[in-house]
Amino acid sequence: MPELPEVETIARGLARRVAGDVIESIWLGQKPEPLKSPAREIAAALEHSRIATVRRMGKHIVFDLEQKNTRPTKPGPTQAQWIVHLGMTGRLQVCEPRSEVLKHTHAILKLKSGRELRFVDPRRFGRLSVARAGNFEAGGLEPLEADLNRFLPLFRGRKTPIKSALLNQKLLRGVGNIYADESLFRAGLRPRRRASTISCDQLAKLLASVKEVLREAITLGGSSISDYVDADGEEGFFQLQHRVYGREGEPCLVCKTPVKRIVIAGRSSHYCPRCQR
Ligand SMILES: [Zn+2]
């Protein structure tokens, strides 16, 4: 599943390609699962809209749309947003109309530039929706914009393992399994530590680690585990930098103690029993 750095990489790639372009028409497939808003609402918001920007909010890709005003009582362009969640296997492709329409294509946007933007998702956990008023809220705190004043209260009185708290999208948006493990390693915290027992100083170190890991991953174009590819079809290379994730039994890069793997809330967690307390 693409995590925050992958989604950021994809959103930046899309912004380079389609910002400023106009959606002339949209085709939506028959499968109901990918449509979180009714098909006619998606069509109404997208058709004849100009894509002003493409950006990431949490793990969502948000297309800010400007529509020509059809109601003379309200001056200026109207705003709407097209929101794409890639789920497990969702992909957005920018391509020429003549390129083969892949199986599991659920949406095709015809762009004024002559290209097409397609949404392909074999497993159909991805979601397409629109916010007609342009007021989409992704929920949770954006980790790269978080400061300590907003980060500390997330964990106050929370008896769950810190790993679970990091993965809780209502608290922090976009941090997934890989980056949670890597951040906890850099902060020297065991994944099972109760969130409420961690000192402010340690949480400050954790916030710095989360940001550091995410920024490094974004610079490297996201991790490429399973079948993630960015909008160019290029793979990211962050997996080469993993210090604990997926390294069960291998020596810790700091102290050579074998990396341990445990399961917390159904998710694999990797840590060094010596470096992390
Ligand atoms: Zn170690």
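Throughout this description, residue numbers start from 1 for each chain and increase along the sequence as written. Local features are withheld for residues below a pLDDT of 70 in this predicted model, meaning they are given only at 70 or higher, and side-chain atom pairs are given and counted only at 80 or more; totals for whole chains, interfaces and linings count all residues. To get the side-chain values, all heavy atoms of the structure are used, and hydrogens and water are removed first.

Under the DSSP-based scheme used, a helix requires at least four consecutive residues in state H or I and a strand at least two consecutive residues in state E, with every element numbered from the N terminus. Examined against the element boundaries, arginine 55 turns out to sit in strand S2 (residues 49–57). Relative accessibility thresholds used throughout: buried, under 20% of the residue-type maximum; exposed, over 50%; partly exposed, between the two (1.4 Å probe, protein chains only). With relative accessibility at 34%, the residue arginine 55 sits in the partly exposed group. A C-alpha to C-alpha distance of 9.7 Å links arginine 55 and threonine 9, two positions 46 residues apart in sequence. Residue contacts follow a heavy-atom distance rule, with two residues in contact if any of their heavy atoms lie within 4.5 Å. When sequence neighbours within four positions are dropped, the list of residues in contact with arginine 55 reads Ala11, His60, Ile61, Val62, Asp64 and Gln81.

Turning next to the coordination of the zinc ion. Here the coordinating atoms are restricted to nitrogen, oxygen and sulfur within 2.8 Å of the metal centre, or 3.2 Å for Na, K and Ca, and because water is not among them the sites may look incomplete. Within the protein, the atoms that donate to the zinc ion are Cys252 (SG), Cys255 (SG), Cys272 (SG) and Cys275 (SG), at distances of 2.2 to 2.4 Å. The exposure class of cysteine 272 is buried, given its relative accessible area of 0%.

Moving on to the nonpolar core. Only buried Ala, Val, Leu, Ile, Met, Phe, Trp, Tyr and Cys residues count toward a nonpolar core, and they belong to the same one when joined by side-chain atoms within 4.5 Å. Among the nonpolar cores identified, the biggest contains 31 residues, and Phe151, Phe155, Ile162, Leu166, Leu203 and Leu206 are the most heavily contacted of them. Secondary-structure elements contributing two or more residues to this core are helix H4 (162–167), helix H5 (177–187) and helix H6 (200–219). Take this core: its biggest share by element is eight residues, from H6. For phenylalanine 151, the residues in contact, after removing those within four places along its chain, are Leu141, Leu172, Leu203, Leu206 and Leu207. Counting residues in hydrophobic clusters, the runner-up holds 29 residues, among them Ala43, Leu65, Trp82 and Phe119.

Don't take any of this as a statement about function, it's just geometry.
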